[in-house]
Amino acid sequence: MASLQNSPSINYTLFLNSFPQKHNGAFSCCRRRFSLLVRAQQAPSSLTVSSSQDRPGRRHIIAAGIFASWVSLVNQNSVFAAENKKGFLPVTDKKDGYTFLYPFGWQEVIIDGQDKVFKDVIEPLENVSVNLLPTSKQDIRDFGPPEQVAETLIKKVLAPPNQKTKLIEAKEQDVDGKAYYTFEFIAKAPNYTRHALSTISIANGKFYTLTTGANERRWEKMKDKLHTVIDSFKISNV
């Protein structure tokens, strides 16, 4: 349980092939992409201004000016700015155009086939992962209604074939003009049960999947944090 158990390159191919395509290659899978280990970007460091020759007043003025410029830039590109929330840290990927929050204390790990992964080292089922896959589709609704897409994605990708799964809820929501499918599900293995949340959308020629979850025995304690992670996921055109 220390690592994500699925093989994204294979499972996503099965998932995509399970949907009828209007055109050949409409949702092509670049398998070589999953052979690369992608390093997650570090959270932006705080702005500092230092100069041994500057007086305190001058340093404060310079820092204030830089901070004001930074705030202006963030306001102009608000989609890239994960909202600060106590107990969470932001992840901002300007290259692929997404941002989200994860709980403080989770550690970044590198897993082949995942764009970014953060997890709790003590409770490894408590993690969040982001997966990107090329697509020529323009909208997540092109694959069907939320329940249909969620059921297929859970069975083909998000849970191993030997686990029993149950979709609890699936819904569609619009955020800044983009359609997202968000769903809750349970995956039961012989020795544990994982309670998870996922959100998926399409933009920038990519199929985005963010999934987070916890052991069922800790669901009541973790569910608010996990919903915060899911709700924080935003995609921008890049």
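Under the annotation held in an unreviewed UniProt entry, the chain carries the name PsbP C-terminal domain-containing protein and is attributed to Cannabis sativa.

> Talk me through the overall build of the chain; I want residue IDs and the actual numbers.
The secondary structure content of the chain amounts to 4 helices and 10 strands. When the helices and strands of the chain are listed from N to C terminus, the series reads α-α-β-β-β-β-β-α-β-β-β-β-α-β. A sequence separation of at least 24 residues applies to 56% of the contacts in the chain between residues at least 6 apart. When the accessible surface of the chain is totalled, it reaches about 13,200 Å², and 50% of it is carbon and sulfur.

> Outline the pattern of salt bridges, listing residues and values.
It is possible for side chains bearing opposite charge to pair when their charged atoms get close. All told, the structure shown has 8 salt bridges when counted by the stated rule. With a closest N to O distance of 2.7 Å, Arg 141 and Asp 139 form a salt bridge. Lys 223 is the partner of Glu 220 in a salt bridge, and the nearest nitrogen-oxygen pair spans 3.0 Å. Of this pair, Glu 220 and Lys 223 both sit in helix 4 (residues 219–232), 3 residues apart, roughly one helical turn. Accessibility expressed as a relative area gives 27% for Lys 223, which makes it partly exposed.

> Before we move on, can you summarise the sheet that holds strand 1 (residues 88–93) with the specific residues and values?
Taken in spatial order, the 3 strands line up as 1-2-10 in an open sheet, and their pairing is antiparallel. Each edge of the open sheet is held by one strand with a lone partner, namely strand 1 and strand 10 (234–235). Here strand 1 pairs with strand 2 (residues 98–103) via 6 bridges, running antiparallel. Counterpart to Pro 90 in the pairing with strand 2 is Leu 101.

> Quick rundown of the sheet that holds strand 6 (residues 164–175)? Include the residues and the values.
Across the sheet, 7 strands lie side by side as 3-4-5-9-8-7-6; this open sheet has antiparallel pairing. Each edge of the open sheet carries a strand with a single partner, namely strand 3 (107–109) and strand 6. The average undirected angle you get between the axes of adjacent strands in this sheet is 20°. Sheet topology note: the strand 5 (residues 127–134)/strand 9 (residues 206–215) ladder contains 8 bridges and is antiparallel. From the neighbouring strand, Leu 132 faces strand 9, where its bridge partner is Tyr 208. Sheet strands touched by helix 3 (residues 146–158): strand 6, strand 7 (178–188), strand 8 (193–203) and strand 9. Its angle to strand 6, the strand with the most contacts, is close to 130°. Its contacts with the sheet put helix 4 on strand 5, strand 7, strand 8 and strand 9, and the angle it makes with strand 9 is roughly 160°.

> Provide a residue-level description of the confidence of the model for the chain, including the pertinent values.
Averaged over the chain, the pLDDT score is 78; the fraction of residues at 70 or greater is 65%. For the stretch residues 22–56, pLDDT sits under 50, and the model shows 60 contacts to residues farther than four places along the chain or on other chains. Low pLDDT (under 50) marks residues 58–82, which in the prediction has 27 contacts with non-local residues, meaning those over four places away or in another chain.

> Describe helix 4, and please don't skip the residues or the numbers.
Between its terminal C-alpha atoms helix 4 stretches 19 Å, which fits the 20 Å expected from 14 residues at 1.5 Å a residue. A bend of about 25° at Lys 225 is the largest found in helix 4. All of the buried residues in helix 4 are Trp 219, Met 222, Leu 226, Thr 228, Val 229, Ile 230 and Ser 232.

> Give me the lowdown on unusual backbone geometry, citing residues and values where you can.
Phi at Asp 176 is positive, roughly 55°, even though this residue is not glycine. Looking at where Asp 176 falls in the secondary structure, it is placed in the loop between strand 6 and strand 7. Positive phi outside glycine occurs at Asn 204, with the angle close to 55°. The residue Asn 204 is located in the loop between strand 8 and strand 9 in this model.

> Residues and numbers for the environment of Val 130, please.
Assignment of secondary structure puts Val 130 in strand 5. Given a relative accessible area of 0%, Val 130 falls into the buried group. Taking the C-alpha atoms as reference points, Val 130 and Ser 198, separated by 68 residues in sequence, lie 9.8 Å from one another.

> Tell me what's going on with the pairing of strand 9, and back it up with residues and numbers.
Side-chain positions along a regular strand alternate between the two faces of the sheet. Most of strand 9 is tucked away: 10 of the 10 residues are buried. One ladder, built from 10 bridges, connects strand 8 with strand 9; its direction is antiparallel. Looking at strand 9, one finds that Leu 197 is bridged to Thr 212. Hairpin connection from strand 8 to strand 9: 2 residues lie between these consecutive antiparallel strands, with Asn 204 at a positive phi of about 55°.

Conventions used here
- Residues numbered from 1 in each chain as written.
- Predicted model: local features only at pLDDT ≥ 70, side-chain atom pairs only at ≥ 80, totals over all residues.
- Heavy atoms only, no water.
- Helix = DSSP H or I, 4+ residues; strand = E, 2+ residues; numbered from the N terminus.
- Contact = heavy atoms within 4.5 Å.
- Areas by Shrake-Rupley, 256 points an atom, 1.4 Å probe, with all protein chains shown as cover.
- Salt bridge = Lys/Arg side-chain N within 4 Å of Asp/Glu carboxyl O.
- Buried < 20%, exposed > 50% of the residue type's maximum accessible area, 1.4 Å probe, protein only.
- Pairing = 2+ DSSP bridges.
- Axes fitted to C-alpha atoms, helices over the stretch in contact; angles between N-to-C directions.
- pLDDT = per-residue confidence, 0-100.
- Expected span 1.5 Å × (residues − 1).
- Bend = angle between axes of the 7 residues up to and from the residue.

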